[in-house]
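Spelled out, the chains give:
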Amino acid sequence: MSGHHQHSHSTPSPGRAFAVGVALNVGFVAVEATFGILSNSLALLADAGHNLSDVLGLLLAWGATLLAQQRPTPRRTYGLRGSSILAALFNALFLLVAVGGIAWEAIQRLGKPAPVASTTVMLVAGVGIVINTATALLFWKGRERDANIRGAFLHMAADAGVSLGVVLAGALIHFTGWAWMDPVVTLAIAALIVLGTWGLLKEAVDLALHAVPRGINLAAVEARLAQAPGVTRVHDLHVWGMSTTETALTAHLVMPRAPDGDGFLAGLKQQLHDEFGIEHVTLQIEQGALTHCCSLQEPTQSRPTAHAGCGGHHVVDGAR
């Protein structure tokens, strides 16, 4: 007996937040780049470059969100949900490349620090604190359930902190005359961006490789399935992200006595949805002693205790 699927696609659209965020940041990038050139501030230009990369990242995430809402087709039976994972991955990689260019320019300027119009730097960066904070708040509610939204939130929140750092650098240059503070602060900004982006990159790579999504404990999922009435064993258990917001599960349940009707499956799938947020569930019921073995070969390292027949699940180290 193969289980039917439980689908829940009612994900609210964050399009308005993306539109407002993009508009605010495009305007600010133009202002910041202009005054960065006029004031000869690399820190201001670095922040403008970072904000520009965030605008492109917002556009990418926005586009992926729209694509993820497209209906499945005979060719793409999951629709385009995976595009949100690709967007999160490209977003993180693009940001790291942009930061590398900024850091390189800062290192070159360390040997030849140039005079900086510190008052202009402080005023423009102060405006950046307000705009970046406002943009980050637009994504506050959705940051926990979607890596795309979380990436947008983290970038905007980091930008607000970066702008604060630029203000402090401008103040130090104004009161001390230390022009070398501009490239030093730029390098500190680059380091903070890398630290903030690394977690998003790691999560995006994991999702692209069909790892168990963050926040789902695979052992707890297996225990929930094993505790169901009549289930003697669980095997071929796989949990992966179909997108940055939806999770899928497949598993084989050994039940010597088949359940009556579909109520058993429906109830178990509802439990998985309510407890773990798993949207797409496929369960196969097996009654015989000789069960189907998954073709994926599990590494001997970290292997769970073997059972008769095929053995345990085939996703290792799934707890997040």
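This text follows the structure it describes.
Residues numbered from 1 in each chain as written. Predicted model: local features only at pLDDT ≥ 70, side-chain atom pairs only at ≥ 80, totals over all residues. Heavy atoms only, no water.

Draft legend 1. Structural context of a nonpolar patch on the surface. A cluster of nonpolar side chains, namely Leu52, Leu56, Leu59 and Phe94, defines an oily patch on the protein surface of about 340 Å² accessible area. Tracing the sequence through the fold places Phe94 in helix H3 (residues 83-110). A relative accessible area of 39% places Phe94 in the partly exposed class. (Patch = residues over 30% accessible without salt bridge, like charges linked within 9 Å, V, L, I, M, F, W, Y side chains within 5 Å. Areas by Shrake-Rupley, 256 points an atom, 1.4 Å probe, with all protein chains shown as cover. Salt bridge = Lys/Arg side-chain N within 4 Å of Asp/Glu carboxyl O. Helix = DSSP H or I, 4+ residues; strand = E, 2+ residues; numbered from the N terminus. Buried < 20%, exposed > 50% of the residue type's maximum accessible area, 1.4 Å probe, protein only.)

Draft legend 2. Main features of the pairing of strand E2 (residues 247-254). Counting buried positions over the eight residues of E2 gives seven, a clear majority of the element. Two elements, strand E1 (residues 233-241) and E2, share seven bridges in a ladder whose sense is antiparallel. Of the residues in E2, the one forming a bridge with Val239 is Leu249. Between E1 and E2, which pair antiparallel and follow one another directly, the connecting turn spans five residues. The parallel pair E2 and strand E3 (residues 280-286), bridged by helix H8 (residues 263-276), forms a crossover whose chirality is right-handed. (Pairing = 2+ DSSP bridges. Right-handed = clockwise from strand over helix to strand, strands pointing away.)

Draft legend 3. Quick look at the packing of aromatic side chains. In this structure the tally under the stated criterion is one aromatic pair. A ring pair is formed by Trp178 and Trp180, whose centres lie 5.5 Å apart and whose planes are at 20°; its orientation type is stacked. By relative accessible area, Trp180 is classed as partly exposed at 39%. (Phe/Tyr/Trp six-rings, centres within 6.5 Å; stacked < 30°, edge-to-face > 60°.)

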